[in-house]
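Each chain, written out:
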Amino acid sequence: ALLDIDTPPVHGPDEISFPALLKVMEEAKKNIDDALGNLTPEEKALLQDKAFDPVDDDQWNRILEVSLKVDRIKLMNAIAPLFAFLTQDNLALLKKDINGRFISTDKSVLHEAMTSFGKVVIGGAGPTTYSEDAALILDLGGDDLYLNNAGGTRTGMPLSLVIDWGGDDRYVSREDFSQAAGVLGGGILIDLGGRDAFISHDGSQGAGFWGLGFLYHGDGNATFNARKFSQGTGQMGIGMLINDGSDDRYMCSYSGQGLGLFGGAGILFDKTGNDLYQLGGLQPDFRDREKATQSFGQGFGLGSRSDMDKDGVPGGVGMLIDKKGDDEYLADYFGQGASYYYGLGILDDWSGNDHYIAGRYSQGAGIHSSVGVLLDRGGNDFYYSSVGVGQGMGHDFGVGFLEDDRGDDRYEGGTLVQGAATNGSLGVFLDPAGDDLHARMGSDQGPADDETGMGIVIRNDESAITIRKSKE
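We now turn to the structure provided with this report. (Residues numbered from 1 in each chain as written. Predicted model: local features only at pLDDT ≥ 70, side-chain atom pairs only at ≥ 80, totals over all residues. Heavy atoms only, no water.)

## With respect to the overall build of the chain
Inclusion rule: Strands are runs of DSSP state E lasting at least two residues, helices are runs of H or I lasting at least four, and both sets are numbered from the N terminus onward. With C-alpha atoms as the basis for the radius of gyration, the globule rule is written as 2.2 Å multiplied by the number of residues raised to the power 0.38. Each residue's exposure class comes from its accessible area (1.4 Å probe, protein chains only) as a fraction of the maximum for that residue type: buried when under 20%, exposed when over 50%, partly exposed otherwise. Residue burial considers only the protein chains on display, and all accessible areas are found by Shrake-Rupley using a 1.4 Å probe. Counting rule for charge: Lys and Arg are taken as positive, Asp and Glu as negative, and neither His nor the chain ends is counted. Charge positions come from single atoms, namely NZ of Lys, CZ of Arg, CG of Asp or CD of Glu.
What the chain contains, in helices and strands, is five helices and 39 strands. For the chain, the C-alpha radius of gyration of 23 Å lies close to 23 Å, the compact-globule estimate for 472 residues. If one aligns the C-alpha atoms of the chain with their principal axes, the spans along those axes are about 70 × 45 × 40 Å. Expressed as a percentage of its 472 residues, the buried residues of the chain come to 59%. Of the roughly 18600 Å² of accessible surface on the chain, a fraction of 50% belongs to carbon and sulfur atoms. Between the centroid of the 38 positive side chains of the chain and the centroid of its 73 negative side chains there is a distance of 4 Å.

Okay, here's the thing in structure tokens:
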């Protein structure tokens, strides 16, 4: 549905067992190859090599042309049957079946074999180190170290699955497209719990490029650290990171944490805990190269406008959803429920006393015919947008929306914030309850620069305090 494509319902397997999983993996690999049958080896290599920032490449128009040859319906249908094994009940049945087939020994590896879809490894209940890439790893527990693809696709291996049933694990990779990354295929990593750390390079930790990347982490604190296009990023596919853990840390240097690129959807969903989200610091922004960097994430839909030599393409859907906890959101330019050129970006925080820190084009900002939404459903929250152009701001036929339902909140921003609209846009700033403070530079809340736009402000005026800051 996020990709605007219809897929039939997935029927569960006749049995949940290790042989049945191997059979589904083998069939899925064949179906993935069929879904990509329209692509030549050279075209596959082009997409693989140009996955990151392809709009800046001189082959951009060619990349778009080849992308349209990917049959996303067939591709998603090929991967979908694997998820029938990944329900809570079926994972318990699968583990029981494996324990019954392989006698527990002191060896860290109970079974290893080559199959038609790649290498298969079963790890024991103790600590295991995985240094070689594999298509399927089933680990029964222990404090493990993954130095391999860890659920990331590779050339000739378009399907990869890791299931780890527990332990304090470490996932470390220097290779792109690792730790639940699907490039022209599907990459899945399921870690059911423990104090875990995920460290990777680019296009990782729930990233789908012309494919699907899915990372699930269960109970326990976790740290996620990646460079760019990670932690819920989708381009002509879906990237998802879902975390049940407690107090977690998400760090990404550029583009991620719920980022939807062209033809894609990216989702980061955290269920509980006091979490830290940090995004930015790698790529300077041309507006202020010495002091500002681009973020592009934390709920961001990013498209590309056309110019004389390059075709334009609409953005996708990016969402960051946090259900519970006192959270810190740190970003710079372009982030926190924002979007650019026919994209949709949503940051949805359900509860807690949260802090939102950003620079420009953030906190509910719709830029160039797109929609950006920030929703905070409760808690005493703090919003800071240093330069502005955010906090419920629409620019150039965009829609920006910020809604804070409850709590005593504080808003600070530069210019064009808190319900502003420019060039035929709509800006909405909604905070109907609580003892709030609003501080900003420039004009009053809800300004529209001409009669084609509209700025809307709904707030509790009886308790609100407004401070207009000077530029000094």
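## Thoughts on the nonpolar core
Taken as a class, soluble globular proteins show a tendency for nonpolar side chains to be buried jointly. We apply this condition: In these notes, a set of buried Ala, Val, Leu, Ile, Met, Phe, Trp, Tyr and Cys residues joined through side-chain atoms within 4.5 Å is what counts as a nonpolar core.
Formed by 88 residues in total, the largest nonpolar core has its most connected members in Leu21, Ile98, Leu136, Leu138, Ile163, Phe209 and Trp210. Sort the elements by how many residues they give to this core and helix α1 (residues 18–35) lands first, with eight residues. Counting 27 residues, the second largest nonpolar core, distinct from the first, contains Tyr130, Val162, Leu215 and Leu347.

## Topic: α1
Heads up, the rule is: Here the expected length of a helix is defined as 1.5 Å per residue gap, with one fewer gap than residues. Side-chain atoms alone can form a polar contact between residues adjacent in sequence; in general such a contact is a pair of N or O atoms within 3.5 Å, and within protein one must be able to donate a hydrogen while the other accepts it.
An ideal rise of 1.5 Å per residue puts 26 Å on 18 residues; α1 measures up with 26 Å between its terminal C-alpha atoms. What α1 keeps buried is the set Phe18, Ala20, Leu21, Val24, Met25, Ala28, Lys29, Ile32 and Ala35. Residue Ser17 occupies the N-cap position of α1, its side-chain oxygen lying 3.2 Å from the main-chain nitrogen of Ala20.

## Quick word on the pattern of salt bridges
For clarity, the cut-off: The term salt bridge refers to a side-chain nitrogen of Lys or Arg lying within 4 Å of a carboxyl oxygen of Asp or Glu.
Tallied over the entire structure, the rule returns 15 salt bridges. With a shortest N-O distance of 3.5 Å, Lys74 and Asp34 are connected by a salt bridge. With Lys74 in helix α4 (residues 72–79) and Asp34 in helix α1, this residue pair connects regions lying 40 residues apart in the sequence. Relative accessible area serves as the criterion here: at 41%, Lys74 is assigned to the partly exposed category. Residue Glu65 is joined to Arg62 by a salt bridge in which the shortest nitrogen-to-oxygen separation is 3.3 Å. Of this pair, Glu65 and Arg62 are both found in helix α3 (residues 60–67), three residues apart, which corresponds to roughly one turn of the helix.

## Focus on α4
Formally: The arc in question is traced by the directions running from the helix axis to the C-beta atoms. Contacts are residue-level and defined by heavy atoms, with any inter-residue pair within 4.5 Å sufficient.
All of the buried residues in α4 are Arg72, Leu75, Met76, Ala78 and Ile79. Along the long axis of α4, the arc covered by the buried residues comes to 155 degrees, so they all point the same way. The inward-facing, buried residues of α4 contact α1, β9 (186–193), β12 (212–219) and β15 (238–243). Capping of α4 at its N-terminal end is provided by Asp71; its side-chain oxygen lies 3.3 Å from the backbone amide nitrogen of Ile73.

## Thoughts on unusual backbone geometry
Positive phi outside glycine occurs at His368, with the angle close to 60 degrees. Here His368 lies in the loop between β29 (365–367) and β30 (371–376). At Val389, a residue that is not glycine, the phi angle is positive and equals roughly 55 degrees. Here Val389 shows up in strand β31 (residues 382–390). You can call Val389 buried: its relative accessible area is 8%.

## A closer look at the sheet that holds strand β14 (residues 233–235)
Selection criterion: Pairing between strands requires that DSSP locate at least two bridges from one strand to the other.
The parallel open sheet is built from nine strands, whose spatial order is β8-β11-β14-β17-β22-β26-β29-β32-β35. Two strands in the sheet have a free side with no partner beyond their single neighbour: β8 (181–183) and β35 (421–422). Bridge count for strand β22 (residues 300–302) against strand β26 (residues 338–340) is three bridges, and the pairing is parallel. Residue pairing for β26: Phe300 is matched across the bridge by Ala338.

## Some details on the pairing of β9
The two faces of the sheet receive side chains in turn, since in a regular strand these alternate between them. With seven of eight residues buried, β9 lies mostly within the body of the structure. Across six bridges, strand β6 (residues 159–164) lies against β9 in parallel orientation. By the bridge assignment for β9, Leu161 is matched with Ile188. Where β9 meets β12, seven bridges bridge the pair, whose relative direction is parallel.

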